[in-house]
Amino acid sequence: MEKVIHCRDVGFDCNGVIKAKNEKEALTLAAEHARKVHGVTEITPEIVDKIKAVMKEE
Ligand SMILES: [Zn+2]
């Protein structure tokens with residue numbers, strides 16, 4: 001089962017979808033996406049919590 005994060009669900013106006021094999025990888029990829037695409041330089045615990053909250057399994 002894959003972990004899937006829809007960027008829009010985190011609160012960005014973005015159609016980006018992040019898919020990963022596990023939660024750790026999903027968080028890493030989401031942080032990378034946020035930094036590259038949205039200019040989020042600091043991934044705060046609040047952002048991590050939000051990403052975990054919207055993370056789904058597919
Ligand atoms: Zn995005």
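Visitor: Before we go on, may I ask you to explain the overall build of the protein in this structure?
Guide: Helix and strand content of the protein: three helices and three strands. The N-to-C order of helical and strand elements in the protein reads β-α-β-α-α-β. Against the globule reference of 10 Å for 58 residues, the protein gives a C-alpha radius of gyration of 10 Å, in line with a compact fold. Considering only C-alpha atoms, the protein reaches an extent of 30 × 20 × 15 Å along its principal axes. Across the 58 residues of the protein, 17% fall into the buried class. Within the protein, counting contacts between residues at least 6 apart in sequence, those at least 24 apart form 41% of the total.

Visitor: Would you explain helix H2 (residues 23-38) in this entry?
Guide: Since the α-helix turns once every 3.6 residues, residues separated by three or four places project in the same direction. Taking 1.5 Å per residue, 16 residues should reach 22 Å; H2 reaches 21 Å between its end C-alpha atoms and fits that length. Buried residues of H2: Ala26, Leu27, Ala30 and Ala34, and no others. Across the axial projection of H2, the buried residues extend over an arc of 95°, all falling on one side. Exposed and facing more than 90 degrees away from the buried side of H2 are Lys24, Glu32 and Lys36. Structurally, H2 contributes buried residues whose contacts are with strand S1 (3-6), strand S2 (17-20) and helix H3 (45-54). Trailing H2 by a residue or two, Gly39 shows a phi angle of about 65°, which is positive.

Visitor: What exactly am I supposed to notice about the sheet that holds strand S3 (residues 56-57) here?
Guide: Backbone hydrogen bonds are what pair the strands of a sheet, in a parallel or an antiparallel way. What the three strands build is an open sheet, ordered S2-S1-S3; its pairing is antiparallel. Pairing within the sheet leaves two strands with one partner each, and these edge strands are S2 and S3. The pairing of S1 with S2 spans four bridges and is antiparallel. In the sheet register, Lys3 faces S2, and the bridge partner there is Ala20. Where H2 meets the sheet, its contacts fall on S1 and S2, and the angle it forms with S2 comes to roughly 150°.

Thresholds, definitions, all that
Residues numbered from 1 in each chain as written. Predicted model: local features only at pLDDT ≥ 70, side-chain atom pairs only at ≥ 80, totals over all residues. Helix = DSSP H or I, 4+ residues; strand = E, 2+ residues; numbered from the N terminus. Rg over C-alpha atoms; globule rule 2.2 N^0.38 Å. Buried ≥ 20, exposed ≤ 12 C-beta atoms within 10 Å, placed from the backbone. Contact = placed C-beta atoms within 7 Å. Expected span 1.5 Å × (residues − 1). Arc of directions from axis to C-beta. Pairing = 2+ DSSP bridges. Axes fitted to C-alpha atoms, helices over the stretch in contact; angles between N-to-C directions.

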